[in-house]
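Secondary and tertiary structure notes
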Amino acid sequence: MSFLRSTGDIIGFLLISLMHIIESIVKSFIPAKYKMKSISGEIALVTGGGGGLGKLIALRLSNLGAIVVIWDVNKDGMEETVKLVQAAGGTCYGYVCDLCDREDVYKKAAIVKEEVGKVTILINNAGVVSGTKFLDTPDKLIIRTMDVNVMSHFWTTKAFLPSMIENNKGHIVSIASLAGHIGVPTLVDYCTSKFAAVGFEEALHMELAADGYNINTTVICPFFIRSTGMFDDFMPRFFSRLSPNEVADRVVSAMRCNEKIAVVPGYLYLLLVAKWAFPWACAGMFIRGIVQDFVKHKERTKSTADKENISTIPSKNPNGTNIHQQLTRHISNSERKP
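The present account deals with the structure reproduced in this document. Starting afresh in each chain, residues are numbered from 1 along the sequence in its written order. Only residues with pLDDT of at least 70 get local features here, since the model is predicted, and only at 80 or more are side-chain atom pairs given and counted; chain-wide, interface and lining totals rely on the full set of residues. Each side-chain value is worked out from all heavy atoms of the structure, with water and hydrogens disregarded.

Here's the deal with the overall build of the protein
The secondary structure content of the protein amounts to eleven helices and seven strands. Taken over 338 residues, the protein has a buried fraction of 46%. Long-range contacts, defined as pairs at least 24 residues apart, comprise 69% of the intrachain contacts of the protein with a sequence gap of at least 6. Only the protein chains shown count as cover for residues, and the accessible areas themselves come from Shrake-Rupley with a 1.4 Å probe. Carbon and sulfur atoms provide 59% of the accessible area of the protein, an area that totals close to 17,600 Å². A helix here means a DSSP run of H or I that spans at least four residues, while a strand means a run of E at least two residues long, and both kinds are numbered starting from the N terminus. Each residue gets one of three labels from its accessible area relative to the maximum for its type: buried under 20%, exposed over 50%, partly exposed in between, using a 1.4 Å probe on protein chains only. Only heavy atoms matter for contacts: two residues are in contact if any of them lie within 4.5 Å across the pair.

Details of the packing of aromatic side chains
Any Phe, Tyr or Trp ring, taking Trp's six-membered ring, that has another such ring centre within 6.5 Å forms a pair; planes under 30 degrees apart are called stacked, those over 60 apart edge-to-face, and the others tilted. By the definition in use, this model includes three aromatic pairs. With a centroid separation of 5.7 Å and 50 degrees between ring planes, the pair formed by W71 and F160 is classed as tilted. Taken together, the positions of W71 in strand β2 (residues 67-72) and F160 in helix α5 (residues 139-167) put the pair 89 residues apart, joining distant regions of the chain. Take F160: its relative accessible area is 4%, and that puts it in the buried class. Between F154 and F200, the ring centres sit 4.8 Å apart and the planes meet at 55 degrees, which makes this aromatic pair tilted. Linking F154 in helix α5 with F200 in helix α6 (residues 188-210), this pair joins segments that are 46 residues apart in sequence. Among the aromatic residues, those joined into a cluster by ring pairs are F154, W155 and F200.

Describing the sheet that holds strand β1 (residues 43-47)
Read from one edge of the open sheet, seven strands run β3-β2-β1-β4-β5-β6-β7, paired in parallel fashion. Of all the strands in the sheet, just β3 (92-96) and β7 (261-264) have a single pairing partner and so form its edges. Across this sheet, the average inter-strand angle for adjacent strands is 15 degrees, counted without regard to direction. Strand direction decides the pairing type here: β2 and β3, joined by five bridges, are parallel. In the strand pairing of β3, V68 is matched with C92. Fitted lines through C-alpha atoms give the axes, limited to the stretch in contact for helices. The angle between two N-to-C directions lies from 0 to 180 degrees. In the packing of α5 onto the sheet, the strands contacted are β1, β2, β4 (121-124), β5 (170-175) and β6 (215-222), and the crossing angle to β4 comes to about 175 degrees. Together, β4, β5, β6 and β7 form the strand contacts of helix α7 (residues 244-256), whose direction differs from that of β6 by roughly 155 degrees. At least two bridges found by DSSP between two strands is the condition for calling them paired.

A few points about the nonpolar core
The definition of a nonpolar core used throughout is a set of buried Ala, Val, Leu, Ile, Met, Phe, Trp, Tyr and Cys residues joined through side-chain atoms within 4.5 Å. Residues I57, L61, I123 and I220 are the most contacted members of the largest nonpolar core, which totals 51 residues. If sequence neighbours within four positions are ignored, I57 has contacts with V46, I123, N125, A248 and V251.

Things to note about the pattern of salt bridges
What counts as a salt bridge is simple: a side-chain nitrogen of Lys or Arg found within 4 Å of a carboxyl oxygen of Asp or Glu. With the rule as written, the count across this model stands at seven salt bridges. K169 is the salt-bridge partner of E42, the closest N and O atoms lying 2.8 Å from each other. Of this pair, E42 sits in the loop between α1 (2-28) and β1 while K169 sits in the loop between α5 and β5, and the two are 127 residues apart along the sequence. For E42, a relative accessible area of 12% puts it in the buried group. Using a relative accessible area of 43% as the deciding quantity, one classes K169 as partly exposed.

Description of the pairing of β5
Of all six residues in β5, six are buried; the element is thus mostly enclosed. Burial along β5 is two-sided: the residues G170, I172 and S174 and H171, V173 and I175 are all buried. For β4 and β5, the ladder comprises four bridges, and the chain directions are parallel. Paired with I121 across the bridge in β5 is H171.

Quick look at helix α4 (residues 102-115)
Over its 14 residues, α4 extends 20 Å from the first C-alpha to the last, a length consistent with the 20 Å expected when each residue adds 1.5 Å. On its buried side, α4 packs onto β1, β2, β3 and α5. Once α4 finishes, G117 follows within two positions and takes phi at roughly 135 degrees, a positive value. The span one expects for a helix is its residue count, reduced by one, times 1.5 Å.

Quick look at the structure:
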């Protein structure tokens, strides 16, 4: 009986899979504008909405009729986004929230529920990057990268998912990166956090689907974005950096079409296939070739900073901090804050 049951399960799986494949092929010929769901009246929360990509996403959601809530540790940036959305005729609320503080996330989530309503669209957008070699990255920056880029997804989702489950409606979007599929030199902590973000979304989707909930999840994996303060020094070979506007458009369209994963630009799906199709030595050589100039620029920047500061910073300060720690702090101060 177990053999017959297993055979039946396999046949059923193949038939259902064939139906999904045919459905997917048919949908690929339907223009995107006919597949997009309305989000008018939905309450959408965007983390890291005080600047860069988050601000652009907030404006687009507002233009589509959503009630937007902004979370950011940067009060000035948060207030600026709120004013921009309101000036464009939208409804927007802003709250200062430290995503590294789990209790603050839960506290602000309760306030949002009371003052605005139940969040039905959650966009985990906030992110930081150190951009230094692994052994040159201070422990506190590694912890900060993981807290903002990964752990905050757990806390925000735990805060807002219960009401989505209660109404069997909602959408959770995770802004990851192509670096969440491919390792990059000098971005060890960043890549690790983005791999985790991709895994978080996939596992969460599997769990919700297994429990029968109609709650959508989407993970966005863009190439490096310019003008966000995170990769302004990065000039990749062969590929151009993306503009924040095109990524923001893709985030919103992928969410409205209930896509599970969106690689931006789409043709870089081929890079993911090539990573596994070719010998690792080939894939690794190609990836290093793309980011070669970025790594060299970082090394030159660090060398210049060392030379500029070596004569002014004593070998030991009164508290016993050594030169390397002080130089690392000096370099890291220029990175974007969450």
